[in-house]
Amino acid sequence: MVDDALISGIDISYTYPDGTKGFNRLTVHVKKGEKVALIGPNGCGKSTLMMVLAGLLKPETGRVLIEGRDMHSNIDSIRRRIGFVFQDPDVFLFNPSVEDELRYSLVQLEMDVSEMDMLVNEFSKVFNLENILHKPPFRLSGGEKKRVEVASVLIYNPDIIFLDEPTSNVDGKTRRKIIETLETYNGTLILSTHELEIAEKIADRIILMDQEKRMVLDGGLETLENRSFLEEIGVI
Amino acid sequence: MHLLIEKSIKSAASYFQDFFIHEYTKVSYLHQVHPSVKILCTFALILLSIATFDGRRIALVLISLYLLAFNIGLDVRILFKRSILFAAFSFLIVLPISVFERNYVYLFLFPLRVFSSISALQLFILTTRFSEILYGLKKLKIPETMINVIWLTYRYAISMFRDLLNILVAREARRLKTSSHLDTLKGGSKALGLFLLRSFETAEKIEMAMNSRGRGISYDGNYSSGLFYIIYTAGVAAWWMML
């Protein structure tokens, strides 16, 4: 185990109910404050790996540690430190209105009402949600849903954020807004993407996965300069 | 307590979503058998399971099913996992009847029958795509309306359980602390309302997708006649009658 790791997945594997291998026996360590991008072609296991590291799926083998403590036995105390942005916002949004979505986590944190109102106002302004606050989330456009999802996670300021393809299916304006927000985020960030531009802008460490669901490279941003290798594993 | 209830609903949603998933990562002997043959043999095996209260006969069917699954290379653990819940549920259902009206043997034989018949059904589902099942039913001259009803139920059930599971996973991902029973109930009822609304939306989208892609059922795979499977099932049935 790496001593200063915030999150460690040690020898972890996951298999879906239909027998599809999510990934097999991977070991990954993420330090506090690191911004890690998981890059790989579609179906290489990035999303599954993130869900296992975030404690949403239980690994078939191995274990996930957060600050050296087992994730699954301490999940209740750890959960408030983690935010997860799903690839498909329809999965994430389940409250009757956008405002309820923004308040959902704040209510659980038993925040003062005036402070809560202030945060909702602030985030609805930043993410341009003011005109849709009372709409049901499933009636929104793809870009609006994504903005609500990202705002609902950032609003409670978690230490660790997992983002699964944060800029998929969004327009240029929403994309710029999301990148801008993530660039200024101070915590630990783990994102999966197959867009190299996003990784270059946000991440300081790159983990490459290939179609065989293996981690083939783990390094700095210079990893992305090896275009022929990226082409070989199907990223570009 | 409410967390236990939520976890149970999540497990149940996951179970029912997986219940119809075909094991496509393997291509076993049974995958290649004509779906009509598999439907008939499965029907026979289910009938053999439920037509008796003789423990030896039920055990014979059960052992034959798991032996077949093992021999063709299916993961028997998956088969077991997918079948056990119904058996456990039926155990709870017959528990009061067994204690107050019948006997303790009934308490074990009834769930064993359920387990055996569900295992036969799961062996069929694991090795047959849903489109192939419908193709098989069509070949067996099952009325078109009935096939359409099965197709419709399957599509909506899958999307409904997927939606339910998504909401529960999202609630888990966004649960920052263990809340009180009342808060959970309030949150749960809101989520339930949205789940129903979303189900209507999904139903509409499925309908539109069906309109755009057509509703016909056709499959022209090259299947084997399944002679071994027929002989195997007939052998089990013959032994069953001799017991």
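Let me begin by describing the structure that accompanies this report. (Residues numbered from 1 in each chain as written. Chains lettered and ligands numbered in written order. Predicted model: local features only at pLDDT ≥ 70, side-chain atom pairs only at ≥ 80, totals over all residues.)

Taking 1.5 Å as the rise per residue, helix H5 (residues 113-126) of chain A with 14 residues should run 20 Å; its terminal C-alpha atoms sit 20 Å apart, in good agreement. Phi turns positive one or two residues past the end of H5 of chain A, at Asn 128 of chain A, with a value near 55 degrees. (Helix = DSSP H or I, 4+ residues; strand = E, 2+ residues; numbered from the N terminus. Expected span 1.5 Å × (residues − 1).)

Residue and element names in this part refer to chain A. Of note, the phi angle at Arg 25 is positive, near 45 degrees, even though the residue is not glycine. Examined against the element boundaries, Arg 25 turns out to sit in strand S2 (residues 21-31). Accessibility expressed as a C-beta count within 10 Å gives 13 for Arg 25, which makes it partly exposed. Despite not being glycine, Asn 157 shows a phi value in the positive range, around 50 degrees. Mapped onto the elements of the fold, Asn 157 is located in the loop between helix H6 (142-154) and strand S7 (160-164). Taking the C-beta count within 10 Å as the criterion, Asn 157 has 15 such neighbours and is therefore assigned partly exposed. (Buried ≥ 20, exposed ≤ 12 C-beta atoms within 10 Å, placed from the backbone.)

Moving on: the packing of H6 of chain A against helix H7 (residues 172-183) of chain A. All names here are of chain A. In contact at an axis separation of 10 Å, H6 and H7 are set at 15 degrees when each is read in the N-to-C sense. The angle between H6 and H7 falls in the class roughly parallel. Remark: the crossing between H6 and H7 carries left-handed chirality. Here Gly 143, Lys 146, Arg 147, Val 150 and Leu 154 of H6 come into contact with H7, specifically with Thr 174, Lys 177, Ile 178 and Thr 181. Of the residues in the contact of H6 with H7, the class split is 3 nonpolar, 3 polar and 3 charged. (Axes fitted to C-alpha atoms, helices over the stretch in contact; angles between N-to-C directions. Parallel < 35°, antiparallel > 145°, perpendicular 65-115°, else oblique. Left-handed = near helix turned anticlockwise from the far one by under 90°. Contact = placed C-beta atoms within 7 Å. Nonpolar A, V, L, I, M, F, W, Y, C, P; charged D, E, K, R; others polar.)

Of the residues lining the interface, 26 residues belong to chain B; the matching set on chain A comes to 20 residues. If you list the elements that add at least two residues to the side of chain B that touches chain A, you get helix H8 (144-173) and helix H9 (181-213) of chain B.

The next point concerns the sheet that holds strand S9 (residues 205-209) of chain A. All names here are of chain A. As summarised here, the arrangement of the 6 strands in space is S6-S7-S8-S3-S9-S10, forming an open sheet in which the pairing is mixed. Only two strands of the sheet have a single neighbouring strand rather than two, namely strand S6 (82-85) and strand S10 (215-219). For this sheet, the mean angle separating the axes of adjacent strands, direction not counted, is 15 degrees. Of the strand pairs in this sheet, S6 and S7 are connected by 4 bridges, and their pairing is parallel. The partner of Phe 84 across the bridge, within S7, is Phe 162. (Pairing = 2+ DSSP bridges.)

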